[in-house]
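# Report on the structure
The chain contents come next:
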2 protein chains.
Amino acid sequence: MPRLTVIVASTRPGRSGRQIADWFTATAARQGDFEITLADLAEIKLPFLDEPHHPSEGRYVHDHTRRWSAVVDASDAFVFVMPEYNAGFNAPLKNAIDFLYHEWRYKPVGFVSYGTTASGHRAVQMIKQVVMILRMTPVADAVSIPLKQYVDQDGKLVPAAAMEEAAVKMLGELRRFADAFAGLRAPA
Amino acid sequence: MPRLTVIVASTRPGRSGRQIADWFTATAARQGDFEITLADLAEIKLPFLDEPHHPSEGRYVHDHTRRWSAVVDASDAFVFVMPEYNAGFNAPLKNAIDFLYHEWRYKPVGFVSYGTTASGHRAVQMIKQVVMILRMTPVADAVSIPLKQYVDQDGKLVPAAAMEEAAVKMLGELRRFADAFAGLRAPA
């Protein structure tokens, strides 16, 4: 089975991201198209990019970079569970992307975004411009969560059927791309 | 005189940003329209956003946030000296912006960008979408530095007359906006 890594982009105290990622991961496990890994950036604790060489060279001098490189390199597809701050993606996600280069290439990525104003849509549009330059393929199907509607007064996620359906649709599309790209990424 | 804060966005070892900011700051001092402060994010060392409350509430619990708030609040205009990573802005800049809220409001911002592929143009377009949601005004005049052309083999910046002219033009525009906005930001 291809391997899907679910990246939890928010590292902020009080974030909604982890419970959304846990819900998504459970849904993906039931759906059964991928072997799933959760990569929580709050646990991975990368510093701000501190490598002296361009990541395209792969000459990493720090262990934290080598560990992160191994996680991403072993993945066949990604889902970013991502908040929206000031109409854009958040810094920890961009930082985690910028640390690496070839590891992302020819892999599909889907988005589970959330926000109070725009369900994270603007952050997703913005990160698409970044992942495409790395030769990733953003899938069109996405899960977009209006926090005011799906989080209760105690901050607890109340998943709706529409979220579940959107997740399953996105997972199917990720699997189709992952299968198609397996050949593209085969060693020469 | 209005106060201009020049923010050095790159914190990476081997960055070009600091010498570009030093060149720009010297140019701005000669031009004489602003009292100038250099805010080097590599020295300020903000962590990834770790405040529990939304920045619009101004209820900061960390000293690093209060210090950064004081710097930005005391400024009348900004220049971001910024690199481009993967067609976008870098993480430390977005993080420094997201930490605060009202402190940015009704202030103009100019961009000194640099890059090997596109002189940082794509990163500037992307950050405009962020600063505008905070009610900042990005000025149209900018300094865009093609690194291959203006950095020599030892990595030393060789400023060109065109850079100097672009900087002076941008500073004039920043000053016009800063003056216009002074009334807008006066306490009620």
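These numbers were taken from a predicted model, which means no experiment stands behind them.

Turning our eyes to something else, we now look at helix α1 (residues 17–31) of chain B. Residue and element names in this part refer to chain B. Its 15 residues give α1 an end-to-end C-alpha distance of 21 Å, which sits within 8% of 21 Å, the value for a rise of 1.5 Å per residue. Listed in full, the buried residues belonging to α1 are G17, I20, A21, W23, F24, T25, T27 and A28. The first or second residue beyond α1 is G32, which carries a positive phi of 80°.

Bringing the relation of the copies chain A and chain B into the picture now. Between chain A and chain B, which share one sequence, the superposing operator has a rotation angle of 180° and an axial displacement of 0.0 Å; the RMSD is 0.0 Å. On this basis, the relationship between the two copies can be described by a two-fold rotation axis. Of the C-alpha atoms belonging to chain A, the one lying closest to the rotation axis is found on A:A91, 2.2 Å away. When the interface residues of chain A are mapped onto chain B, 100% of them again lie at the interface, so the same face is used by both copies.

With that out of the way, let us pick up the layout of surface pockets. Each pocket or cavity is described by its volume, and for the largest pocket that value is around 820 Å³. Around the largest pocket, the lining comprises 31 residues; the ones closest to its centre are A:H54, B:R12, B:E84, B:Y85 and B:T116. Residues that form the lining of the largest pocket fall into these classes: 13 nonpolar, twelve polar and six charged. Looking at the second largest pocket, its volume works out to about 710 Å³. Classifying every residue of the lining of the second largest pocket by side-chain character gives twelve nonpolar, nine polar and seven charged.

With 29 residues of chain A at the interface, the matching set in chain B holds 29 residues. Summing both sides of the interface, chain A and chain B together bury roughly 2200 Å²; the carbon and sulfur share of this comes to 64%. Its largest share of buried area at the contact with chain B, chain A owes to A:F48, A:N86 and A:M126, together 29% of the area lost on that side. For the pair chain A and chain B, the interface holds zero salt bridges. There are six residue pairs in polar contact (both at pLDDT 80 or more) connecting chain A and chain B. Going through the elements one at a time, α4 (91–98) and α5 (121–133) of chain A are the ones with two or more residues in the side of chain A that touches chain B. With six residues, α4(A) is the largest single contributor of residues to the side of chain A that touches chain B.

Reading the values: rules and limits
- Residues numbered from 1 in each chain as written.
- Chains lettered and ligands numbered in written order.
- Predicted model: local features only at pLDDT ≥ 70, side-chain atom pairs only at ≥ 80, totals over all residues.
- Heavy atoms only, no water.
- Helix = DSSP H or I, 4+ residues; strand = E, 2+ residues; numbered from the N terminus.
- Expected span 1.5 Å × (residues − 1).
- Buried < 20%, exposed > 50% of the residue type's maximum accessible area, 1.4 Å probe, protein only.
- Least-squares fit on C-alpha atoms with pLDDT ≥ 70 in both.
- Contact = heavy atoms within 4.5 Å.
- 1 Å grid on protein atoms, 1.4 Å probe; cavity = no way out; pocket = protein on both sides within 12 Å on 5 of 7 lines; lining within 4 Å.
- Points joined across faces, edges and corners; volume = space filled by probe spheres on them.
- Nonpolar A, V, L, I, M, F, W, Y, C, P; charged D, E, K, R; others polar.
- Buried area = accessible area lost by both parts, 1.4 Å probe.
- Salt bridge = Lys/Arg side-chain N within 4 Å of Asp/Glu carboxyl O.
- Polar contact = N/O pair within 3.5 Å; in protein donor to acceptor, adjacent residues only side chain to side chain.

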